[in-house]
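Each chain is listed here by its residues.
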Amino acid sequence: MKILIFSVLFSLYFLPGFCQESSLTDKRDGQVYTAVKIGQDVWMQENLKFIHQSAAYKKPKKKINKFGNFYNNSATQELCPEGWHIPLLSEWDAMIDVLFENRNISNADFSVEIKEETVATPNDSEEKYDTRYSINNSKKLKLFKAPLLLKPYGWIQKGRRIKNLNTANLWIIDDKDNLVNFHIHAGNHNYNSHAHKHHIEDSKERIRYLNVRCVQNN
């Protein structure tokens, strides 16, 4: 299968509902990735490495090759190559549903709690936002294992990688409530997601750079 700037080769994956792409090439910079079909969507199994003006890493190839790149929220629509896009929240939830089936997790054993949180901002005001917390058996999702293979690389802030978080942190486009700055914090035992402005656009010192996984356009 050849899609514009990507060439993708398919082979069977060993778990029901998953199909492994053996390779795909980003023609913009020659980077080669693997991806996997989870349900109806094809997901990158590696963090995007493309050097964009919103990226934290501009030159250190050694770091980019290990961690992928980290990006601010200013240009999420421009990061993925033609034919691919930043995951939608509905696509993330659909992927989780497939993992439910393949990990033998029932809806009765897994739930999400919405919690309102408040944080102080640099101008002495407060920002309120809702966070979706996974609870109960979220560790059974095994997000750091196949098929998604997330990596707990933390994020970039103030020019350095905050690496003691043990979480994967990804930009997501919320196509349900149309919230801006939406993102996922995924760990070995749980994950949460929310949209907020603090650490995103309040001040240069607070801006965080997160990883990106692209999903193929249907």
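Thresholds, definitions, all that
- Residues numbered from 1 in each chain as written.
- Predicted model: local features only at pLDDT ≥ 70, side-chain atom pairs only at ≥ 80, totals over all residues.
- Heavy atoms only, no water.
- Pairing = 2+ DSSP bridges.
- Helix = DSSP H or I, 4+ residues; strand = E, 2+ residues; numbered from the N terminus.
- Disulfide = S-S within 2.5 Å.
- Buried < 20%, exposed > 50% of the residue type's maximum accessible area, 1.4 Å probe, protein only.
- Contact = heavy atoms within 4.5 Å.
- Core = buried A, V, L, I, M, F, W, Y, C linked by side-chain atoms within 4.5 Å.
- Axes fitted to C-alpha atoms, helices over the stretch in contact; angles between N-to-C directions.
- Salt bridge = Lys/Arg side-chain N within 4 Å of Asp/Glu carboxyl O.

**Quick look at the sheet that holds strand β10 (residues 160-162)**
Move 1: Overall, antiparallel pairing links the three strands, which are arranged β10-β9-β14 in an open sheet. Taken across any chain shown, the strands that pair with only one partner, and hence form the sheet edges, are β10 and β14 (208-209).
Move 2: In the sheet, strand β9 (residues 155-157) pairs with β10 via three bridges, with the strands oriented antiparallel. Bridge assignment links I156 to a residue of β10, and that residue is R161.

**Thoughts on the state of the cysteines**
Move 1: Enumeration according to the criterion identifies one disulfide in this entry.
Move 2: The disulfide partner of C80 is C214, and the S-S distance across this bridge is 2.1 Å. The S-S bond linking C80 to C214 shows a torsion near -95°; that makes this disulfide left-handed. Linking C80 in the loop between α2 (76-79) and β6 (84-85) with C214 in the loop between β14 and β15 (215-216), this pair joins segments that are 134 residues apart in sequence.
Move 3: Note on C80: relative accessible area 11%, which makes it buried.

**Observations regarding the environment of L88**
Move 1: Relative to the assigned elements, L88 resides in the loop between β6 and α3 (89-102).
Move 2: L88 gets classed as partly exposed once you look at its relative accessible area, which sits at 25%.
Move 3: In sequence terms L88 and I51 are 37 residues apart; their C-alpha atoms lie 22 Å from each other.
Move 4: L88 has contacts with I172, I173 and D175, leaving out every residue within four places of it along the chain.

**Points about the nonpolar core**
Move 1: In terms of nonpolar packing, the biggest core is built from 27 residues, with W92, I96, L141, L143, L150 and Y191 touching the most fellow members.
Move 2: When residues of this core are traced back to their parent elements, those giving at least two are β4 (32-38), α3, β11 (168-171), β12 (182-186) and β13 (191-195).
Move 3: Top contributing element to this core by residue count: α3, with seven residues.
Move 4: Contacts of Y191, omitting those with residues within four sequence positions, involve W92, I96, F110, R132, Y133, S134, L141, L143, I184, H185 and A186.
Move 5: Listed in part, the 20 residues of the second largest apolar core include A35, C80, W155 and I162.

**Regarding the pairing of strand β7 (residues 110-120)**
Move 1: The pairing of β7 with strand β8 (residues 126-136) spans 11 bridges and is antiparallel. By the bridge assignment, E116 is partnered in β8 with D130.
Move 2: The antiparallel pairing of β7 with β8 creates a hairpin that spans five residues between the two strands, and D124 there sits at a positive phi of about 65°.

**Focus on the sheet that holds β11**
Move 1: Within the open sheet, the five strands sit side by side as β7-β8-β13-β12-β11. Their pairing is antiparallel. Since the sheet does not close on itself, it has two edges, and those belong to β7 and β11, each with one partner. This sheet shows a mean twist of 20° between the axes of neighbouring strands, independent of strand direction.
Move 2: By the bridge criterion, four bridges tie β11 to β12 in an arrangement that is antiparallel. Bridged to N169 within β12 is H185.

**A word on the side chain of H85**
Move 1: One can find H85 in strand β6.
Move 2: H85 has contacts with C80, E91, R213, C214, V215, Q216 and N217, leaving out every residue within four places of it along the chain.

**Focus on the pattern of salt bridges**
Move 1: One pass over the full model with this rule turns up three salt bridges.
Move 2: Here K176 makes a salt bridge to D93, at a shortest N to O gap of 2.4 Å. With a gap of 83 residues between them, K176 in the loop between β11 and β12 and D93 in helix α3 connect regions that are remote in the sequence.
Move 3: In this structure D93 comes out as buried when scored by relative accessible area, which is 13%.
Move 4: One network of salt bridges, in which partners are shared, links D93, R132 and K176.

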